[in-house]
Amino acid sequence: MSRESVVAHVEKILKAYLETEDLVVDEEGDVPIRRGSALYHVRVGQQEPYRVEVVSSVLSEVEESYDLLRALNEINAGFYGIQAYHRKGRVIFSSDMLAETLQAEELERACALISGCADKYDDELQARFGGKKTFEDEE
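Remember, it's a predicted structure, so these values are computed and weren't measured experimentally. (Residues numbered from 1 in each chain as written. Predicted model: local features only at pLDDT ≥ 70, side-chain atom pairs only at ≥ 80, totals over all residues. Heavy atoms only, no water.)

## Some details on the environment of Ala-8
Logical step 1: Mapped onto the fold, Ala-8 is located in helix H1 (residues 3–18).
Logical step 2: With relative accessibility at 45%, the residue Ala-8 sits in the partly exposed group. (Helix = DSSP H or I, 4+ residues; strand = E, 2+ residues; numbered from the N terminus. Buried < 20%, exposed > 50% of the residue type's maximum accessible area, 1.4 Å probe, protein only.)

## Things to note about the pairing of strand E5 (residues 90–98)
Logical step 1: Pairing of strand E3 (residues 51–59) with E5 involves 8 bridges; the strand directions are antiparallel. Note that in E5 the partner of Leu-59 across the bridge is Val-91.
Logical step 2: Of the strand pairs in this sheet, strand E4 (residues 83–87) and E5 are connected by 5 bridges, and their pairing is antiparallel. Its bridge partner being in E5, Tyr-85 is matched across the sheet by Ile-92.
Logical step 3: Remark: 2 residues form the turn of the hairpin made by E4 and E5, two consecutive strands paired antiparallel; Lys-88 in that turn has positive phi of roughly 50 degrees. (Pairing = 2+ DSSP bridges.)

## Re helix H3 (residues 104–129)
Logical step 1: Relative to the 38 Å expected for 26 residues at 1.5 Å per residue, H3 spans 35 Å between its end C-alpha atoms, a close match to the ideal helical length.
Logical step 2: At Tyr-121, H3 shows its strongest bend, of approximately 35 degrees.
Logical step 3: Gly-130 occupies a position one or two residues after H3 and carries a positive phi of about 80 degrees. (Expected span 1.5 Å × (residues − 1). Bend = angle between axes of the 7 residues up to and from the residue.)

## Brief notes about the packing of helix H2 (residues 66–78) against H3
Logical step 1: In the contact formed by H2 and H3, the axes pass within 11 Å of each other and the chain directions differ by 160 degrees. Between H2 and H3, the crossing angle belongs to the class labelled roughly antiparallel. Handedness of the H2/H3 crossing: right-handed. Along its contact with H2, which presents Asp-67, Leu-68, Ala-71, Leu-72 and Ile-75, the element H3 presents Tyr-121, Leu-125, Arg-128 and Phe-129.
Logical step 2: Split by residue class, the contact of H2 with H3 holds 7 nonpolar, no polar and 2 charged. (Axes fitted to C-alpha atoms, helices over the stretch in contact; angles between N-to-C directions. Parallel < 35°, antiparallel > 145°, perpendicular 65-115°, else oblique. Left-handed = near helix turned anticlockwise from the far one by under 90°. Contact = heavy atoms within 4.5 Å. Nonpolar A, V, L, I, M, F, W, Y, C, P; charged D, E, K, R; others polar.)

## Observations concerning the sheet that holds E5
Logical step 1: Read across the open sheet, the 5 strands follow the order E1-E2-E3-E5-E4; overall the sheet is antiparallel. At either margin of the open sheet sits one strand with a lone partner, and together these are strand E1 (31–35) and E4. Ignoring which end each strand starts from, the neighbouring axes of this sheet average 25 degrees apart.
Logical step 2: In the packing of H2 onto the sheet, the strands contacted are E4 and E5, and the crossing angle to E4 comes to about 160 degrees.
Logical step 3: The strands that H3 touches are E1, strand E2 (38–44), E3 and E5; relative to E3, the one it contacts most, it runs at about 15 degrees.

Structure representation (structure tokens):
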């Protein structure tokens, strides 16, 4: 399966899931999608075996601490299929799938999981650890 065919397959799934014919694709080839105060991206990896990743930078400008890592570990323990971690001042939630066997339901579940968790936990994590959300709730 070529990367181009994977991208086409992912775009077809996303168009149906988002009920649109027009997807926004950024300069890196990612599809940015907003849900509430959270923004997540769907991207196809560059190397074989191709992977499809759903990723959200939940908070930026957050200092790493034992308590933060412990809170992220608790999120990881509570949800199957999500990775919550801290990297370079950001709290990130992600999920990835093997492109070769990707089913629509699998990608849709990952989008719902990442966007739902990001929108839910950004407020809680910000209240406890500071940082900035991508969007404030009233925007």
